[in-house]
Amino acid sequence: MTNANTRSLYHIAIAVNNIEEAEKLYESALGLKVTHREVIEDQGVRASMLEPEGGGTAIELLEPLHENSPISKFLEKRGEGIHHIAFLVDDLVSALEELKKEGVRLIDESPRVGAHYTRVAFIHPKALNGVLIELAEKEKKDG
Ligand code: ZN
């Protein structure tokens, strides 16, 4: 395996109706702390990142900004719950190239802007047993 291929669990994303309430619940029930909040107009979502103190896999809460948000559609169809699982890659472009070569069905053929200073691409849930998978590459910048 090349470096571009290493994938580690980054976050688990949960679609919610009310992000403020969900933040409180996840903080009090699981001892997580909100480390980042962001509105991604492009995707029609409000996102919060919650992390365990001392590091570890994060939880991403997603609330729709409007009715046309993909999260609205998800909530209508399935209600609140796990929306996707994200893995970190070192090199998203080459990870996507490899998946294309392997014939894996993608939602995004090329990276788009994600939350929390990342570039992301989604793999189609039909390709991975009904689970929507996000691949994320962290922006390389300090401070
Ligand atoms: Zn995500």
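Refer to the structure above for everything that follows.
These notes cover the structure that comes with them.

What counts, and where the lines are drawn
Residues numbered from 1 in each chain as written. Predicted model: local features only at pLDDT ≥ 70, side-chain atom pairs only at ≥ 80, totals over all residues. Heavy atoms only, no water. Donors = N, O, S within 2.8 Å, 3.2 Å for Na, K, Ca; no water. Tetrahedral: all angles 85-135°; square planar, octahedral: opposite > 155°, others 65-115°. Helix = DSSP H or I, 4+ residues; strand = E, 2+ residues; numbered from the N terminus. Buried < 20%, exposed > 50% of the residue type's maximum accessible area, 1.4 Å probe, protein only. Salt bridge = Lys/Arg side-chain N within 4 Å of Asp/Glu carboxyl O. Pairing = 2+ DSSP bridges.

### Here's the deal with the coordination of the zinc ion
And then number 1: With distances of 2.1 to 2.2 Å, the protein atoms coordinating the zinc ion are His 11 (NE2), Glu 60 (OE), His 84 (NE2) and Glu 134 (OE).
And then number 2: Taken together, the four donor atoms surrounding the zinc ion define angles of 80 to 156° at the centre, an arrangement classified as irregular.
And then number 3: Look at where the donors of the zinc ion fall in the sequence and you get H-x48-E-x23-H-x49-E. Residue His 11 is located in strand β1 (residues 8-15), and its partner His 84 is located in strand β5 (residues 81-88); the two are separated by 73 residues in the primary sequence. His 84 matches His 11 in its accessibility class, with the two residues each being buried.

### What to know about the pattern of salt bridges
And then number 1: Summed over all chains, the structure comprises six salt bridges.
And then number 2: Arg 37 is the salt-bridge partner of Glu 23, the closest N and O atoms lying 2.7 Å from each other. Here Glu 23 is found in helix α1 (residues 19-30), whereas its partner Arg 37 is found in strand β2 (residues 32-40), with 14 residues between them in sequence.
And then number 3: What emerges from the salt-bridge pattern is a single network uniting Glu 20, Arg 46 and Glu 63.

### With respect to the pairing of strand β3 (residues 45-52)
And then number 1: Two elements, β2 and β3, share eight bridges in a ladder whose sense is antiparallel. Within β3, the position partnered with Val 34 by the bridge is Leu 50.
And then number 2: Adjacent in sequence and paired antiparallel, β2 and β3 are bridged by four residues, among which Gly 44 carries a positive phi angle near 65°.
And then number 3: Alignment of β3 against strand β4 (residues 58-64), held across six bridges, turns out to be antiparallel. By the bridge assignment, Ala 47 is partnered in β4 with Leu 62.
And then number 4: Here β3 hands over to β4 after five residues, with Gly 54 in that stretch at a positive phi of 85°.

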